[in-house]
Amino acid sequence: MLTGYKDRLQVDAQCPNWINMSFQLKVLILSNLSMNDIPKVLSYQQKLRVIDLSHNKLKEEFPVWLLQNTSNLKFMNLRNNSFVGQLYLPSYEIRNMVWLDLSNNHFTGKLPEDFGDKLLGLQYLNLSHNQFEGALPSSLGNMRDLVILDLAFNFFSGKVPNELLVGCSKLEQLRLSYNRFKGQFFSSEFNLSTLYQLELNNNGFTGSLLNVKLKTLDVLDVSNNYFRGPIPTWANQVRWLISMRNNSFEGQFPCQQPMFGGLYFLDLSHNFLSGHLPSCIDFTNINEIHLEGNKFTGLLQDFLPNSSSSLSVLNLRDNNLTGFIPDLIGMFLNLKILLLGKNHLKGLIPEILCLWKNISIMDLSSNSFSGTIPFCFQNLTFGVMENYGDTLIRDQWLFWNSLSDENHIYGDFIKKNLDLPMYCEVVGLNEIYLVDKNRGSTYKGSILNFMSALDMSCNDLTGEIPQELGKLTQIRALNLSHNQLTGPIPVTLSKLSKIESLDLSYNNLSGNIPLELTNLNFLEVFNVSYNNLSGQIPMKGQFSTFEESSYEGNQFLSRLPLEKCCIIYTKTPHLESLPLDATKGKWYEVDLPAFRACFFPTYIVFFLLIVSLLYINPHWLKRPLYFISNINYFLNLAIFDI
């Protein structure tokens, strides 16, 4: 066995001394060594069972000679290099190979038609994050022992071969996300009954989910496709994660008591689901609920549980919810993101919201909330969200103690070590839409760890802006526009040291723009248009960069900033200030040296051009001579007649 990790072993891949060595390795692991070439010693190794050259800088075509030299090879890991070109295999079956990882490279082209016939014993195949294209070969269905198949992030297209969906009956994990597949996936012959992780997101799949029953699923992601029909009742049996966002699912929620027990993540947003919010969701273990962009109706109190919950994200934006925010919502003490915008909620903003110590993003916009902004909002930190996890999803595995076990199944490690919070972050499942910096933006994945915002725009809020909002020192976006707020702009807002977007437009604010706001060094968007502000506009710091539109609609504001342009204005001196002799000349006087320098060369070129044309075709010269003779003739006649 020879191993190396993170430059602890210095390898000269082409050193000739390697060639003279007579040893035969069984395990060679040279990962994270920044190697540029495959060691030549591998050309003389015929008993290798494990080769791991991952996380290096190898840039060449697939080393098919490694497979030809080592008939006992079981494990090959070449992930995270720079291999290029098409993938070619030997002309014979590779009998002993059970693990092949070529992910995160630059392979291109189509897979060989006989790919599956050459690797019949394969249990783990990872070709993700490459540039493979074209249709999948039907021979993949002949790999009967395949447990994990990952083809995500490529350019595969067409329909998934029915042979794969029928023949690979031992599949436990199937990832086809971020490709160009289309057509129906769940056919009547679908036979992958042992799947625990199915990811089909970001393709063009169509059809319904009613034709199949998947009772062993832990993870189901069919988001960003064209699936339609109602939510299947078997979805209640998915144990950890469901994402069906951005499809055409419709109808009412299939409520069964209880639903989604133990589920961690649920996303049904941007579909055509209708009816009342489902009251049958088990909130015991669920961490994120996304139902945005549907047609749900009803009251929040009929949806929320009566007991505490570990919920951290509640996204109900863009529905048809009515009524008030109930006190039950205060049970979510761990809530980090609350999105209730674009509904028909009304009433006062309850002070129970001030109990949330971990809140980072709150969107109450585009409703009919009234009354004043609660003073207790000063208790909300609106700070940076805690990270969802401390480690990445483990896609490597430790097999040192099991190398002697030839019957070891290499795929179990993923199922045992899946870190669900970090999984949601890495694949970008925790996705939210937020209006900030005068535009709508989608935030997902780890970027949410750095985002904090409060949006109460487009309501009927009255009263003054509380001075206490100046204590939200970690907030990055504050939007109070399109309300009926009065009074001055609080000077305490100058303490929002990290704020990037501040929108107070379309209110009834009065007084001056506090000069202290110029200390906000990160402010990119500032809008106080259409208020009753007066006085001078500060022109220091970031305020010197804001457009006139940030202040319009305030007729008593002065010193509007000049329009930004690239025109350079030059000041012309008045005639009165010029010396007497400087006014004697005329505006049309010609610079004679310059005139001569331009006129005479032009005249000479024109003259030579005429001469050249007449030389080329002498017949042209006869026409002007004939014309002159005619004029002379008529002049003579006229003289004699007189």
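Cut-offs and rules
Residues numbered from 1 in each chain as written. Predicted model: local features only at pLDDT ≥ 70, side-chain atom pairs only at ≥ 80, totals over all residues. Heavy atoms only, no water. Helix = DSSP H or I, 4+ residues; strand = E, 2+ residues; numbered from the N terminus. Buried < 20%, exposed > 50% of the residue type's maximum accessible area, 1.4 Å probe, protein only. Contact = heavy atoms within 4.5 Å. Areas by Shrake-Rupley, 256 points an atom, 1.4 Å probe, with all protein chains shown as cover. Patch = residues over 30% accessible without salt bridge, like charges linked within 9 Å, V, L, I, M, F, W, Y side chains within 5 Å. Salt bridge = Lys/Arg side-chain N within 4 Å of Asp/Glu carboxyl O. Pairing = 2+ DSSP bridges. Disulfide = S-S within 2.5 Å. pLDDT = per-residue confidence, 0-100.

Caption draft 1: Broad picture of the overall build of the protein chain. When helices and strands are tallied, the protein chain shows seven helices and 40 strands. A total of 642 residues make up the protein chain; the buried ones form 49% of that total. The contacts of the protein chain with a sequence gap of at least 6 include a subset with a gap of at least 24, amounting to 50%. About 31,700 Å² of surface is accessible on the protein chain, with carbon and sulfur atoms providing 54% of the total.

Caption draft 2: Structural context of a nonpolar patch on the surface. A cluster of nonpolar residues, Phe599, Phe600, Tyr603, Ile604, Phe607, Leu608 and Val611, forms a patch on the protein surface that exposes about 710 Å² of accessible area. For Leu608, the position within the fold is in helix α6 (residues 592-616). Among the residues examined, Leu608 registers a relative accessible area of 48% and is labelled partly exposed.

Caption draft 3: The arrangement of the pairing of strand β11 (residues 155-158) in detail. Both strand β9 (residues 131-134) and β11 contribute to a ladder of two bridges, which runs parallel. Note that in β11 the partner of Gly134 across the bridge is Phe156. Both β11 and strand β13 (residues 180-184) contribute to a ladder of two bridges, which runs parallel. Across the sheet, Ser157 pairs through a bridge with Arg180, a residue of β13.

Caption draft 4: Region of interest: the state of the cysteines. For the structure on display, the rule yields one disulfide. One disulfide bridge connects Cys354 with Cys376, the sulfur atoms lying 1.9 Å from each other. Here the S-S torsion is close to 60°, and the disulfide linking Cys354 with Cys376 is therefore right-handed. One end of the pair, Cys354, is in the loop between β27 (344-348) and β28 (361-363); the other, Cys376, is in the loop between β29 (368-371) and α4 (412-417), and 22 residues separate them in sequence. Accessibility expressed as a relative area gives 15% for Cys376, which makes it buried.

Caption draft 5: Representation of the confidence of the model for the protein chain within the structure. Looking at the protein chain as a whole, the pLDDT averages 81, with 74% of positions reaching at least 70. With pLDDT under 50 throughout, residues 384-419 is counted as low confidence; its partners more than four residues away or in other chains account for 77 contacts.

Caption draft 6: Representation of the pattern of salt bridges in the model. The full count for this structure, using the stated rule, is 11 salt bridges. Notably, a salt bridge pairs Asp114 with Lys118, separated by 2.9 Å at the nearest N-O pair. The exposure class assigned to Asp114 is partly exposed, which follows from its relative accessible area of 31%. Classification of Lys118 as buried rests on a relative accessible area of 11%. Between Glu292 and Arg317 there is a salt bridge; the shortest N-O distance is 3.1 Å. Of the two residues, Glu292 sits in the loop between β22 (288-290) and β23 (295-299) while Arg317 sits in the loop between β24 (313-315) and β25 (320-323), which places them 25 residues apart along the sequence. Its relative accessible area of 4% is what places Glu292 among the buried residues. Arg317 sits in the buried class, given a relative accessible area of 5%. Each of Asp150, Arg175 and Glu199 takes part in a single network of salt bridges with overlapping partners.

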